[in-house]
Amino acid sequence: MKFSVGYKLPDARDCFPQIVADYLDAVEEVYFALPGDASGRIPLGCEAEWSLEEAGAVLRSDLAAISSMQVGCVLLLNAACYGADAQSDRLRSDVCRKVAGLLRDRVNLTAVTTTSPFIAETLRGRFPDLEVRASVNMRIG
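Within every chain, residues take consecutive numbers counted from 1 along the sequence as written. The model is predicted, so local features are restricted to residues of pLDDT at least 70 and side-chain atom pairs to those at 80 or more, both for listing and for counting; the totals for chains, interfaces and linings are taken over all residues. Water and hydrogen atoms play no part in the side-chain values, which are based on all heavy atoms of the structure.

**Some points on helix α2 (residues 52-68)**
Every helix listed is a DSSP run of H or I at least four residues long, and every strand listed is a run of E at least two residues long, numbered separately from the N terminus. Here, expected helix span is obtained from the residue count minus one, scaled by 1.5 Å. Taking 1.5 Å per residue as the helical rise, α2 with its 17 residues ought to reach 24 Å, and the 24 Å between its terminal C-alpha atoms agrees with that figure. Note on contacts: a residue pair qualifies if any of its non-hydrogen atoms lie within 4.5 Å across the two residues. As for α2, its buried residues are in contact with α1 (16-22), β2 (27-32), β3 (72-77) and α3 (89-104). Taken from the residues just after α2, Gln70 is the one with a positive phi, measuring 65°.

Now the structure itself:
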């Protein structure tokens, strides 16, 4: 059995890439949101001891280490509501910029999970080789 594991920032007890390495035979992929992005979990970097910049630097380093282990990385674009931007050029640009940046950084980005049909359509058009998944938050049967 292979598992999909949710990324978390390290604390004094652990280093996330080391946890992945320790269970490498069982870890298929790691899912994560970018710092400050709503994802259905506490936004990464909003923990009291982290700034968004610090969280971003640690995440990039950890994703590089995880990618070097050939473990897939799955971006969560999982907000329940994008408000007035829900079908905007601004959201389209933001999503494409984030995905392109991860690919440019050589993250082993294997999929994006989203609650938004607009984001899914945008990604399918711009990144046709990237798997796009419907979030469990959509409550699709």
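Picking up after the structure, the text goes on.
**Comments concerning the environment of Ala79**
Turning to its location among the elements, Ala79 is positioned in the loop between β3 and α3. Residue burial is assigned from relative accessible area. The probe radius is 1.4 Å, only protein chains are included, and a residue is buried under 20% of its type maximum, exposed over 50%, and partly exposed in between. For Ala79, a relative accessible area of 8% puts it in the buried group. On a C-alpha basis, the gap between Ala79 and Ser116 in space is 8.1 Å, while along the polypeptide they are 37 residues apart. Among all residues touching Ala79, those that are not within four sequence positions of it are Ala38 and Thr115.

**Thoughts on the pairing of β3**
Most of β3 is tucked away, with six of its six residues classed as buried. Across the two faces of β3 the burial is the same, with Gly72, Val74 and Leu76 and Cys73, Leu75 and Leu77 all buried. Note on pairing: two strands pair once DSSP finds at least 2 bridges between them. For β2 and β3, the ladder comprises four bridges, and the chain directions are parallel. Counterpart to Tyr31 in the pairing with β3 is Val74.

Purely spatial values, then, with no claim about function.
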